[in-house]
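# Notes for the structure review
Okay, here's what each chain looks like letter by letter:
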Amino acid sequence: MPTTTLRIPTPDGQADAFAAFPDGGERHPGVLLYPDAFGVRPELEERARELAGHGYYVLVPNFLYRHGPAPVIELPEHIGEEIRPAIIGQLMPLIVEHTSERILRDADACLRFLTTRPEVGPGPVGVIGYCIGAALAMRTATAHPGQVAAVAGFHPGFLVTDAPDSPHRLVPDLTADVHIGLAEGDMSPEAIGELNQALDAAGVGYTTEIYPGTVHGFTMSDTDAFSPSALRHHWDRLLPLLDRTLTSD
């Protein structure tokens, strides 16, 4: 499985990124994968490799590149519950600085970079996000409706907020098929209802699903939140979504 580290030119500098793609020299559908708050690390690199094994070119950008290469803060091999609050406390000021304007500038740059890779085919792309990455994925998809055919978010954060430009308020611009996989407690029933109402009005195909017995971060095996069964369920939802929207066979 070929992998490489890359630098993505953006209006604000060079974003470091990790990419994985199939062997063979053929062209494949492109997938932009936004990491969770902890960023690009071995866990996300392995996620990209596994997805690439299903026939996709997967690009994982460091969305906090303005603060340095990934990992932007020192991370332990395993992020246990006892140290998670301190790590989030270090990262949250950086995440707050990652405004919607920065997100959209970076999304433009990442999609331009992804679609010009020689290993990426000419068709539509998919965008995936975990935790805060789900909000980045939704903003990317709504800003590029003619280009993004699939968007998926898992244990999402910040999808429904009071902000005028909350991601759920941008859904009228969406054309992609959507899957949102929620941990129990990720979003209130009212917030889920608001999101579903927006997706209904947009007329897109979508599923929002609470994965039973899960806590926030359930896909990440380097955290105490990890659920092997929920990770398998995530693949059972994600792979068919990408297959039907990004492949023509």
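Our subject is the structure that appears above.
First, a word on what this report is: a plain description of the structure on this page. What you see as residue numbers is a count from 1 along each chain, following the sequence as written. In keeping with the predicted nature of the model, local features appear solely for residues at pLDDT of at least 70, side-chain atom pairs appear and are counted solely at 80 or more, and the whole-chain, interface and lining totals rest on all residues. Side-chain numbers come from the whole structure's heavy atoms, not from hydrogens or water.

## Brief notes about the sheet that holds strand S1 (residues 3-10)
The mixed open sheet is built from eight strands, whose spatial order is S1-S2-S4-S3-S5-S6-S7-S8. Two strands in the sheet have a free side with no partner beyond their single neighbour: S1 and strand S8 (206-211). The average angle at which neighbouring strand axes cross in this sheet is 20 degrees, direction not considered. We call two residues in contact when some of their heavy atoms are within 4.5 Å. Here, axes are lines fitted to C-alpha atoms. For helices the fit covers the stretch in contact, and angles between N-to-C directions go from 0 to 180 degrees. Note on conventions: DSSP H or I runs of at least 4 residues are helices, E runs of at least 2 residues are strands, and numbering of each starts at the N terminus. With respect to the sheet, helix H4 (residues 132-143) is in contact with strand S3 (30-34), strand S5 (125-130), strand S6 (148-154) and strand S7 (177-183), its orientation differing from that of S5 by roughly 155 degrees. Of the strands in this sheet, S7 and S8 touch helix H5 (residues 189-202), which is tilted by about 160 degrees from S8. In this scheme, strands are said to pair when DSSP sees at least two bridges between them.

## Let's talk about empty space enclosed by the protein
Here a cavity is any set of points on a 1 Å grid over the protein atoms alone where a 1.4 Å probe fits but cannot get out, and a pocket is any open set with protein on both sides within 12 Å along at least 5 of 7 lines; a residue lines the site when it has an atom within 4 Å of a point. Grid points are joined across faces, edges and corners, and a volume is the space filled by probe spheres set on the points. Tallied over the entire structure, the rule returns two cavities of 30 Å³ or more. Approximately 70 Å³ is the volume found for the largest cavity. Lining the largest cavity we find Thr10, Ala15, Tyr34, Pro61, Asn62, Phe63, Tyr65, His98, Ile103, Asp106, Cys110 and Leu136. For this classification, Asp, Glu, Lys and Arg are treated as charged, while Ala, Val, Leu, Ile, Met, Phe, Trp, Tyr, Cys and Pro are nonpolar and the rest, including Gly, are polar. The class makeup of the residues in the lining of the largest cavity is eight nonpolar, three polar and one charged. One number sums up the size of the second largest cavity: a volume of about 50 Å³. Taken together, Ala37, Phe38, Gly39, Val40, Asn62, Leu64, Ala70, Pro71, Val72 and Leu91 form the lining of the second largest cavity.

## Things to note about helix H3 (residues 100-115)
In this scheme, a helix's expected span is set at 1.5 Å multiplied by one less than its residue total. End to end, H3 covers 22 Å across 16 residues, agreeing with the expected 22 Å (1.5 Å per residue, within 8%). Under the scheme applied here, a residue whose accessible area is under 20% of the maximum for its type counts as buried, over 50% as exposed, and between as partly exposed, the area being computed with a 1.4 Å probe on protein chains only. Turning to H3, its buried residues are Ser100, Ile103, Asp106, Ala107, Ala109, Cys110, Leu111, Phe113 and Leu114. The elements touched by buried residues of H3 are S1, S3, strand S4 (57-61), S5, H4 and S6.

## Here's the deal with the layout of surface pockets
Rolled over the atoms, a probe sized like a water molecule indicates the empty space that remains. Approximately 300 Å³ is the volume attributed to the largest pocket. Lining the largest pocket are 16 residues, with His98, Ile103, Ile132, Arg139 and Phe158 sitting closest to its centre. Breaking the lining of the largest pocket down by element, the ones donating at least two residues are helix H2 (84-97), H3 and H4. In terms of residue count, H4 provides more of the lining of the largest pocket than any other element does, four residues in total. Along the lines of polarity and charge, the residues of the lining of the largest pocket split into 10 nonpolar, four polar and two charged. Of the pockets and cavities examined, the second largest pocket occupies roughly 220 Å³. Along the wall of the second largest pocket there are 17 residues; nearest its centre are Ala37, Arg84, Ile88, Cys131 and His216. Ranked by the residues each element gives to the lining of the second largest pocket, the list is headed by H2, at four residues. Within the lining of the second largest pocket, the residues separate by chemical class into 10 nonpolar, five polar and two charged.

## Examining the pattern of salt bridges
The working definition used for a salt bridge is a side-chain nitrogen of Lys or Arg within 4 Å of a carboxyl oxygen of Asp or Glu. This model, assessed by the stated rule, comprises 10 salt bridges. The salt bridge involving Asp36 is made with Arg41; its shortest N-O contact spans 2.7 Å. In terms of burial, Asp36 and Arg41 fall into one category: buried. Arg139 is paired through a salt bridge with Asp165; the nearest N and O atoms lie 3.8 Å apart. Of this pair, Arg139 sits in helix H4 while Asp165 is found in the loop between S6 and S7, placing the two residues 26 residues apart along the sequence.

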